[in-house]
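Now for the letters of each chain:
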Amino acid sequence: MRTPLIAGNWKMFKTVAETVAFVTDLRDLVKATASVDVVVAPPFTAVHAAANAARQTKIGVAAQDLYWEKEGAFTGEVSPAMVKEAGAAYAIVGHSERRRLFGESDAIVNRKALAAIGAGLTPIVCIGETLEERERGEMLAVLDRQIKDGLDQLSADQVGALVVAYEPVWAIGTGRTATSAQAGEAHAHIRKRLRQWFGGDAADRCRILYGGSVKPDNIRELIAEEDVDGALVGGASLDVRSFADLVTRSGRPAV
Ligand code: 13P
């Protein structure tokens, strides 16, 4: 049984003060919901403050990215150990905005995933096709390449412990959510490949999140799909009430 995970990717939104206020409110709003893991991914500058505000709660903190080197002359970059020490337990790698705007290849995603694991972080590895790729009928081939190259050299154990986020690029920030059938099809394919390449145990344990215009009014339908284990949420994660609604609708009341 996989515990559902609702993760908020704030992208380049929220100051330290806004982060602390959000996490403080979120703690109360999600207290009564059991059996859902909750993660927020603030900008680097607010990771430490988020982790402090989330201390002794079930809210986890993710970095939105990291660099694979341990330290060195890499102006502007942040190492896995640095985000871990700041209090992050997770790191998003390979988000489509990083791939598209900052030229990240599957090889880079792979180095980042390996480096995150090496520092004791859980990677949230993002994959997903563009609209053009889908329309050309290349969706499954794109996912295969992103999984194979992005998770290259990872052990079955490591794959079982990480999180994959399927985020079709055409559904991100567009208000155009994949239907639950489209999400279900992609997720089933991803899990089939994980089973083939990393074995049954890894495939059964690995959580696969859906991302792309997830809102409180479509989460139930998406998460009802067998292979959808939660969501990676952008826009709807910025408002604490809507984010808390997503969590509540993915779990059950605490007893
Ligand atoms: P939206 O929820 O705003 O579509 O963003 C999804 C996303 O990119 C999460 O990483």
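Predicted, not measured: the structure shown is a model, and the values here were computed from it.

With that out of the way, let us pick up the state of the cysteines. Under the defined criterion, the tally for this structure stands at 0 disulfides. You can see Cys126 has no disulfide; the closest cysteine sulfur is in Cys206, sitting 12 Å from it. By relative accessible area, Cys126 is classed as buried at 1%. Classification of Cys206 as buried rests on a relative accessible area of 0%.

Next up on the list: the packing of aromatic side chains. Tallied over the full model, the rule gives 5 aromatic pairs. When the ring of Tyr166 is compared with that of Tyr210, the centres are 6.3 Å apart and the planes differ by 55 degrees; the resulting orientation is tilted. Of this pair, Tyr166 sits in strand S7 (residues 163-166) while Tyr210 sits in strand S8 (residues 207-211), placing them 44 residues apart in sequence. Taking the relative accessible area as the measure of exposure, Tyr166 reaches 0% and is therefore buried. Judged by relative accessible area, Tyr210 falls into the buried class, the value being 0%. Among the aromatic residues, ring-to-ring pairing joins Trp10, Phe22 and Phe243 into one connected group. The ring of Phe102 has Arg98 sitting right over it, with the charged end atom 4.0 Å from the ring centre.

Read once around its circumference, the closed barrel built from 8 strands follows the order S1-S3-S4-S5-S6-S7-S8-S9, with strand pairing classed as parallel. Taking each pair of neighbouring strands and ignoring which way they run, the sheet shows an average axis angle of 25 degrees. In the packing of helix H5 (residues 106-118) onto the sheet, contacts are made with strand S5 (90-93) and strand S6 (122-127), and the angle to S6 comes to roughly 160 degrees.

On to the nonpolar core, then. Leu26, Val40, Leu151, Ile190, Leu194, Tyr210 and Phe243 are the most contacted members of the largest nonpolar core, which has 64 residues in total. Those residues in contact with Tyr210 that lie beyond four places of it in its chain are Tyr166, Pro168, Ala171, Thr177, Ala178, Ala183, His187, Leu222, Val228, Gly230, Ala231 and Leu232. Listed in part, the 13 residues of the second largest apolar core include Leu5, Ala62, Tyr90 and Ile124.

Cut-off values and rules
- Residues numbered from 1 in each chain as written.
- Predicted model: local features only at pLDDT ≥ 70, side-chain atom pairs only at ≥ 80, totals over all residues.
- Heavy atoms only, no water.
- Disulfide = S-S within 2.5 Å.
- Buried < 20%, exposed > 50% of the residue type's maximum accessible area, 1.4 Å probe, protein only.
- Phe/Tyr/Trp six-rings, centres within 6.5 Å; stacked < 30°, edge-to-face > 60°.
- Helix = DSSP H or I, 4+ residues; strand = E, 2+ residues; numbered from the N terminus.
- Lys NZ or Arg CZ within 6 Å of the ring centre and 35° of its normal.
- Pairing = 2+ DSSP bridges.
- Axes fitted to C-alpha atoms, helices over the stretch in contact; angles between N-to-C directions.
- Contact = heavy atoms within 4.5 Å.
- Core = buried A, V, L, I, M, F, W, Y, C linked by side-chain atoms within 4.5 Å.

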